[in-house]
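Next come the chains, spelled out residue by residue.
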Amino acid sequence: MQAQAVPGGYAEGYRDGVFAGGEALVAQHIPPDHILPVVAAADLIAAGFRQYAPSLTRLSSPHEMAGHIVAALDAQRPLSVVRLGDGELLTLAADTVLPGQEVQELAPFLPYAGVPCSTPDIRAMLAEAIQAADWVGVPISRAPTFQGLLFPVLRHFGIDWSRLKLTSSTINYSLHQSGLLLPLLQGRRVLLIGSQAAELGALLHNRGIHVTGIIGSVTGVMDIPRVMQLTAEHAFDIALVAAGIPAVILCRRIAGELGKVAFDFGHLADKLVKGELQL
């Protein structure tokens, strides 16, 4: 009986949620002693969306991003591609747009992602890296901890999103799925940074990619100076950085200080090493 009650309870909760997020919101705009026959909340959303369609902002596509990366590599020009997920956004939101305690409850994974505790210094470093990056991947999801935080956080730190060059925060996966990742690495000297660097290096080597350096685990934001020192000792054209939240800061510094191309590789490294995705 308990097992049978779960689906029913879920369905009831789902119906209540859909109502609260749709028809109940519409009802707040209907004046007393009136009804709006036939027109559903979905129809009103569609009509409103047409009004706001001119405000749509286009993100750079995988093919366009591959072109930008290749152009920078060919010209030996620095380029940083960083990505913002819920970890980065919640780090920035702590004690700024959200209470710190709420962030701890929403994001117990932050220490694993490289931020044991969001401090003003860490938030400042992260915000500075975002503002200075050449390309910023932003979430397409409108969920509360993704786009729901993105614009309030950028506004708090005085970052004008309209001045940023934007792509998707999943551009790492998109480049791989579009078959563009290996071609842009071929003939380049590749530096790998992160806990999966050695294993990923073996995979890339087997596909003919010239891996010239491997830097292992990045133990949080405070480890960035050590990693930058090691990075400067390697000869490379492009760095693939899979180091959690510190990757944003590292990519920007590698481009800005070393004049190289740096790409926030993220969990794609884990997926490839574990065999969940194939090169």
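Residues numbered from 1 in each chain as written. Predicted model: local features only at pLDDT ≥ 70, side-chain atom pairs only at ≥ 80, totals over all residues. Heavy atoms only, no water.

## Here we look at the sheet that holds strand β1 (residues 79–83)
Pairing in this open sheet of seven strands is parallel, and the strands run β3-β2-β1-β7-β6-β4-β5 from one edge to the other. Pairing within the sheet leaves two strands with one partner each, and these edge strands are β3 (166–168) and β5 (210–215). Strand-to-strand twist in this sheet, taken as the mean axis angle between neighbours without regard to direction, amounts to 20°. Where β1 lies against strand β2 (residues 135–138), three bridges are found, and the strand directions are parallel. The partner of Arg83 across the bridge, within β2, is Gly137. Across the face of the sheet, helix α11 (residues 197–206) comes into contact with β4 (189–194), β5 and β6 (238–242) while running at roughly 150° to β4. (Pairing = 2+ DSSP bridges. Helix = DSSP H or I, 4+ residues; strand = E, 2+ residues; numbered from the N terminus. Axes fitted to C-alpha atoms, helices over the stretch in contact; angles between N-to-C directions. Contact = heavy atoms within 4.5 Å.)

## Focus on helix α7 (residues 120–132)
For α7, with 13 residues, the first-to-last C-alpha span of 18 Å sits near the 18 Å given by 1.5 Å per residue. Considered for burial, the residues of α7 that qualify are Ile122, Arg123, Leu126, Ala127, Ala129 and Ile130. Mapping the buried residues of α7 onto a view down its axis gives an arc of 160°, with all of them on the same face. Exposed and oriented more than 90 degrees from the buried face of α7 are Pro120, Asp121 and Glu128. Contacts from the buried residues of α7 go to α5 (86–93), β2, α8 (147–156) and α13 (246–258). (Expected span 1.5 Å × (residues − 1). Buried < 20%, exposed > 50% of the residue type's maximum accessible area, 1.4 Å probe, protein only. Arc of directions from axis to C-beta.)

## A few points about the nonpolar core
One finds Ile130, Val136, Ile193, Val241, Leu250 and Ile254 to be the most contacted residues of the largest nonpolar core, which totals 48 residues. Ranked by residues supplied to this core, first place goes to α13 with six residues. One finds Ile69, Val190, Leu200 and Val261 within the second-largest nonpolar core, a separate group that totals 31 residues. (Core = buried A, V, L, I, M, F, W, Y, C linked by side-chain atoms within 4.5 Å.)

## A closer look at the confidence of the model for the protein
For the protein, mean pLDDT is 94; residues scoring 70 or higher make up 97% of the total. Across residues 1–5, confidence stays below pLDDT 50; counting only partners more than four residues off in sequence or on other chains, it has zero contacts. (pLDDT = per-residue confidence, 0-100.)

## A look at the packing of aromatic side chains
For the coordinates displayed, the defined rule picks out two aromatic pairs. Note on Phe151 and Trp161: the rings are 5.7 Å apart at their centroids and 75° apart in plane angle, and the pair reads as edge-to-face. With Phe151 in helix α8 and Trp161 in the loop between α8 and β3, this pair connects stretches of sequence that are 10 residues apart. Ring geometry for Phe263 and Phe265: centres 6.3 Å apart, planes at 70°, overall edge-to-face. (Phe/Tyr/Trp six-rings, centres within 6.5 Å; stacked < 30°, edge-to-face > 60°.)

## Notes on the pairing of β5
Pairing analysis gives five bridges linking β4 to β5, with the strands arranged parallel. Bridge pairing in β5 links Val190 to Val211. The β-α-β motif built from β4, the intervening α11 and the parallel element β5 has right-handed crossover chirality. (Right-handed = clockwise from strand over helix to strand, strands pointing away.)

## Description of the pairing of β4
Of all six residues in β4, five are buried; the element is thus mostly enclosed. Bridging between β4 and β6 involves five bridges; their strand directions are parallel. Bridging across to β6, Ile193 finds its partner in Val241.

## Details of the environment of Ala107
Checked against the element boundaries, Ala107 lands in the loop between α6 (100–106) and α7. The class of Ala107 is buried, set by a relative accessible area of 4%. For the pair formed by Ala107 and Val81, sequence separation is 26 residues and the distance between their alpha carbons is 24 Å.

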